[in-house]
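One letter stands for each residue in the lines below.
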Amino acid sequence: MPVALPEDLVEFLESGVSIIIATRDARLRPEVLRGLGAQVAPDRRSVDVFVNAELSQRLLSDIADNARIAVAFSRIHDHRTVQLKGVVLDVSDVSREQSVELERYRVAFAEQVAMAGLPRSVTRRMRIEPAKALRVQFDQGFNQTPGPGAGGPMEQP
């Protein structure tokens, strides 16, 4: 049974954090792609994670094969990082409403990387469309923030 994500985690996932998505094929070969934002469902039991449609062919093929996915969310200025693992429930084209979310994420991500010294103008040129939305239901969560608890499971994903 899916667990509702805690409100503080929802806020973190939807901020301008770096998002790295990983899948694997039937031969256990990994595929990694940068995410373009995340939007938590109102019931907090699933998350739409956005990817560039033109760069995601292998990732989408892996999802069609086994539906398993791992997503790392990392805040650049303090390295707070969580990794969530689960299954992709659905893959769709990004809706008009989700396009607004993609743009909001691009601006928020630009602010995050600007703190690390990358000019906002570089990040704002990041191509975000056409994009796909991956509806993910997470069943495992891990604290990956550097320090003594790194790698340990979260109480709830």
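Going by the structure above, here's the rest.
Residues numbered from 1 in each chain as written. Predicted model: local features only at pLDDT ≥ 70, side-chain atom pairs only at ≥ 80, totals over all residues. Heavy atoms only, no water.

### Description of the environment of Val 3
Here is step 1 of the chain: When you line up the elements, Val 3 lands in the segment before helix H1 (7–13).
Here is step 2 of the chain: For Val 3, a relative accessible area of 33% gives the class partly exposed.
Here is step 3 of the chain: Residues Val 3 and Leu 36 lie 33 residues apart in sequence; the distance between their C-alpha atoms is 24 Å. (Helix = DSSP H or I, 4+ residues; strand = E, 2+ residues; numbered from the N terminus. Buried < 20%, exposed > 50% of the residue type's maximum accessible area, 1.4 Å probe, protein only.)

### Side note on helix H3 (residues 96–114)
Here is step 1 of the chain: Between its first and last C-alpha, H3 extends 28 Å over 19 residues, near the 27 Å set by a 1.5 Å rise per residue.
Here is step 2 of the chain: Where H3 is concerned, the buried positions are Gln 98, Ser 99, Glu 101, Leu 102, Tyr 105, Arg 106, Ala 108, Phe 109, Ala 110, Gln 112 and Val 113. (Expected span 1.5 Å × (residues − 1).)

### A short note on the environment of Phe 12
Here is step 1 of the chain: Tracing the chain through its elements places Phe 12 in helix H1.
Here is step 2 of the chain: Owing to a relative accessible area of 3%, Phe 12 belongs among the buried residues under this scheme.
Here is step 3 of the chain: For the pair Phe 12 and Phe 73, spaced 61 residues apart in sequence, the C-alpha separation works out to 8.3 Å.
Here is step 4 of the chain: In this structure, Phe 12 is in contact with Val 17, Phe 73, Ser 74, Arg 75, Arg 80 and Val 82, ignoring residues within four places of it in sequence. (Contact = heavy atoms within 4.5 Å.)

### So, the side chain of Asp 25
Here is step 1 of the chain: Relative to the helices and strands, Asp 25 resides in the loop between strand E1 (18–24) and strand E2 (30–34).
Here is step 2 of the chain: What Asp 25 contacts, discounting residues up to four positions off in sequence, is Asp 62, Asp 65 and Asn 66.

### Focus on the sheet that holds strand E6 (residues 81–93)
Here is step 1 of the chain: In spatial order, the strands read E2-E1-E5-E6-E7-E4-E3; together these seven strands make up an open sheet with antiparallel pairing. On the outer flanks of this sheet lie E2 and strand E3 (38–40), each paired with one strand and no other. Sheet twist, expressed as the mean angle between neighbouring strand axes with direction ignored, is 35 degrees.
Here is step 2 of the chain: As defined by bridge partners, E1 adjoins E2 across five bridges and the pair is classed as antiparallel. Looking across to E2, one finds that Thr 23 is bridged to Glu 31.
Here is step 3 of the chain: Strands in contact with helix H2 (residues 57–66) are E1, E2, strand E4 (47–52), strand E5 (68–74), E6 and strand E7 (131–143); relative to E1, the strand with the most contacts, it is inclined by about 55 degrees.
Here is step 4 of the chain: On top of the sheet, H3 reaches E1, E2, E3, E4, E6 and E7; it is set at about 75 degrees to E4, its chief contact. (Pairing = 2+ DSSP bridges. Axes fitted to C-alpha atoms, helices over the stretch in contact; angles between N-to-C directions.)

### Quick notes on unusual backbone geometry
Here is step 1 of the chain: The step from Glu 129 to Pro 130 runs through a cis peptide bond, and the omega angle for that step is 10 degrees.
Here is step 2 of the chain: Examined against the element boundaries, Pro 130 turns out to sit in the loop between helix H4 (120–123) and E7.
Here is step 3 of the chain: For Leu 28, which is not glycine, the phi torsion reads 70 degrees and is therefore positive.
Here is step 4 of the chain: According to the relative accessible area criterion, Leu 28 is exposed, its value standing at 61%.
Here is step 5 of the chain: You will see that Arg 44, though not glycine, has its phi angle at about 60 degrees, which is positive.

### Considering the nonpolar core
Here is step 1 of the chain: One finds Leu 13, Ile 19, Ile 21, Val 47, Phe 73 and Leu 134 to be the most contacted residues of the largest nonpolar core, which totals 36 residues.
Here is step 2 of the chain: Counting residues per element, this core draws most heavily on E7, at five residues.
Here is step 3 of the chain: When near neighbours in sequence (up to four residues on either side) are disregarded, Leu 13 contacts Leu 5, Ala 38, Val 40, Val 47, Phe 73, Val 82 and Leu 84. (Core = buried A, V, L, I, M, F, W, Y, C linked by side-chain atoms within 4.5 Å.)

### Looking at the packing of aromatic side chains
Here is step 1 of the chain: Tallied over the entire structure, the rule returns one aromatic pair.
Here is step 2 of the chain: Aromatic side chains Tyr 105 and Phe 109 sit 5.6 Å apart centroid to centroid with 15 degrees between the ring planes, which places their arrangement in the stacked category. Here Tyr 105 and its partner Phe 109 are both found in helix H3, four residues apart, which amounts to about one turn of the helix.
Here is step 3 of the chain: Judged by its relative accessible area of 1%, Tyr 105 falls in the buried class.
Here is step 4 of the chain: Residue placement shows Arg 80 over the ring face of Phe 12; its charged tip is 4.2 Å from the ring centre. (Phe/Tyr/Trp six-rings, centres within 6.5 Å; stacked < 30°, edge-to-face > 60°. Lys NZ or Arg CZ within 6 Å of the ring centre and 35° of its normal.)

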